[in-house]
Amino acid sequence: MTKRHFPASELPINEDGSAFHLHLKPEHLADKVILVGDPARVNTVAAHFDSIENEVSSREFHTITGTYKGKRITAQSHGIGCDNIDIVATELDALANIDFNTREEKDEHRELTMVRIGTCGGLQPFTPVGTFIASVKSIGFDGLLNYYAGRDEVCDLDLEAAFTKHMDWNPKKGAPYVAVADPELIERVAGSEMVRGITVACGGFYGPQGRKIRIPVQDPDQNKKIESFQYGDLHICNFEMESSALAGLASLLGHKAMTCCMVIANRYAGEMNTNYKNSIDTLITLVLDRI
């Protein structure tokens, strides 16, 4: 069978042999990857490492690879939004499964385990500020996965239909999709410390999350409808901006992925904690021990 070749226009590779956006070389990528939004939070993760072998920064993409209790781990920042996850997930997979010298897919698939640690807005009375939430399923408002073949095979189509009906969804927004996190990874990482639920991954921080600043939102009742939605024993617990793309792309690419977040704002109660950076270290340590 002829191997697929990836030309430079499709898979840009820098002159030094690194991935175009991440500036990471294949030998610097560990099988276990912790993803964070803030480039500075990579240092917070790496502060727990016993040793560091590589560090590189490019734009919002900051990477440190090292060891933690005998485990080789890459800490990688992705910035804000599902569009950035498209770049990060695709280039991490390319580093693992494409030979950068021949530009051909490798004979054996290398599986990555990716856990995103983030912050979020809680949407339920049982998700006050400080709660850890594991995203079992993620509803993508961004539309990213709709651009990829096979999205139906990795999405919960029944939940999509139920949610769209419940919301009386405006088709001008684009079709929401429901990506599913890896079940084994959820069980291993979430343990008893995290609330398991549905997450909405929004395409923005203000209007898409129902915040009214100076522009009215299309659906003033959006958040009330979201808060009241239930699917089986799962409620929509939180808003964030990346979980759906990560879970969906990982499934399509043959990797394990999940998102866990700490609630720093509770939209239901109108509370916000902007001084969360010290307390999120507890969540980081928990994930490092279990990834």
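Below, the structure is looked at part by part. A quick note: this is a predicted structure, and the numbers were derived from the prediction, not measured.

Looking now at the overall build of the protein chain. Counting its secondary structure elements, the protein chain contains eight helices and 14 strands. Taking the principal axes of the C-alpha coordinates as reference, the protein chain spans close to 55 × 40 × 40 Å. Going through the 291 residues of the protein chain one by one, you find that 53% of them count as buried. Expressed as a percentage of contacts within the protein chain between residues at least 6 apart in sequence, the contacts between residues at least 24 apart total 75%.

Across the eleven residues of helix H7 (residues 243-253), eight count as buried, placing the element largely inside the fold. Listing the buried residues of H7 in full gives Ser243, Ser244, Ala245, Leu246, Ala247, Gly248, Leu249 and Ala250. Gly254 lies just past H7 and shows a positive phi near 85°.

A separate point is the layout of surface pockets. Taken as a whole, the largest pocket encloses approximately 650 Å³ of empty space. Considering the residues around the largest pocket, the lining is formed by 25 residues, among which Phe6, Leu11, Thr90, Asp93 and Ile98 are closest to the centre. Of all the secondary-structure elements, those providing two or more residues to the lining of the largest pocket are helix H2 (82-97) and H7. Classifying every residue of the lining of the largest pocket gives 14 nonpolar, five polar and six charged.

Before going further, it helps to spend a moment on the pairing of strand E10 (residues 195-201). Burial within E10 is extensive, with five of its seven residues counted as buried. One ladder, built from seven bridges, connects strand E8 (residues 132-140) with E10; its direction is parallel. Counterpart to Ser135 in the pairing with E10 is Gly197. Pairing between E10 and strand E12 (residues 234-240): four bridges, direction parallel. Note on E12: the bridge partner recorded for Val200 is Phe239.

Once that is clear, we can look at the pairing of strand E1 (residues 32-36). Where burial is concerned, most of E1 is hidden: four out of the five residues are buried. The sheet contact formed by E1 and strand E7 (residues 113-122) spans five bridges and is parallel. Paired with Leu35 across the two strands is Arg116, which belongs to E7.

Locating Asn14 in the fold gives a position in the segment before E1. Exposure remark for Asn14: the relative accessible area of 15% places this residue in the buried category. At a separation of 3.0 Å, a polar atom in the side chain of Asn14 contacts the main-chain carbonyl oxygen of Ala19. Not counting residues up to four positions away in its chain, the partners in contact with Asn14 are Ala19, Phe20 and His23.

Moving on: a nonpolar patch on the surface. On the surface, a cluster of nonpolar side chains totalling about 340 Å² of accessible area is made up of Phe205, Tyr206 and Ile213. Within the fold, Tyr206 resides in the loop between E10 and helix H6 (222-228). With relative accessibility at 47%, the residue Tyr206 sits in the partly exposed group.

This next bit is on the packing of helix H5 (residues 183-190) against helix H8 (residues 280-290). Direction vectors running N to C along H5 and H8 enclose 125°, while the axes themselves pass 9 Å from each other. On the basis of their axis angle, the class for H5 and H8 is oblique. For the element pair H5 and H8, the recorded crossing hand is right-handed. Here Arg188, Val189 and Ala190 of H5 come into contact with H8, specifically with Leu286, Val287 and Arg290.

The subject of this paragraph is unusual backbone geometry. With phi around 55°, His23 is a residue other than glycine that occupies positive phi space. Positionally, His23 belongs in the segment before E1. Classification of His23 as partly exposed rests on a relative accessible area of 33%. Here Lys69, not a glycine, exhibits a phi torsion of approximately 50°, which is positive.

What follows deals with the pattern of salt bridges. Using the criterion set out here, one finds 14 salt bridges in the structure. Between Glu242 and Arg116 there is a salt bridge, with its nearest N and O atoms 2.9 Å apart. Taken together, the positions of Glu242 in the loop between E12 and H7 and Arg116 in strand E7 put the pair 126 residues apart, joining distant regions of the chain. There is no split in this pair, since Glu242 and Arg116 are both buried. One salt-bridge network, held together by shared partners, links Arg116, Glu240 and Glu242.

Conventions we followed
- Residues numbered from 1 in each chain as written.
- Predicted model: local features only at pLDDT ≥ 70, side-chain atom pairs only at ≥ 80, totals over all residues.
- Heavy atoms only, no water.
- Helix = DSSP H or I, 4+ residues; strand = E, 2+ residues; numbered from the N terminus.
- Buried < 20%, exposed > 50% of the residue type's maximum accessible area, 1.4 Å probe, protein only.
- Contact = heavy atoms within 4.5 Å.
- 1 Å grid on protein atoms, 1.4 Å probe; cavity = no way out; pocket = protein on both sides within 12 Å on 5 of 7 lines; lining within 4 Å.
- Points joined across faces, edges and corners; volume = space filled by probe spheres on them.
- Nonpolar A, V, L, I, M, F, W, Y, C, P; charged D, E, K, R; others polar.
- Pairing = 2+ DSSP bridges.
- Polar contact = N/O pair within 3.5 Å; in protein donor to acceptor, adjacent residues only side chain to side chain.
- Patch = residues over 30% accessible without salt bridge, like charges linked within 9 Å, V, L, I, M, F, W, Y side chains within 5 Å.
- Areas by Shrake-Rupley, 256 points an atom, 1.4 Å probe, with all protein chains shown as cover.
- Salt bridge = Lys/Arg side-chain N within 4 Å of Asp/Glu carboxyl O.
- Axes fitted to C-alpha atoms, helices over the stretch in contact; angles between N-to-C directions.
- Parallel < 35°, antiparallel > 145°, perpendicular 65-115°, else oblique.
- Left-handed = near helix turned anticlockwise from the far one by under 90°.

Functional significance is not addressed by these values, which are geometric in nature.
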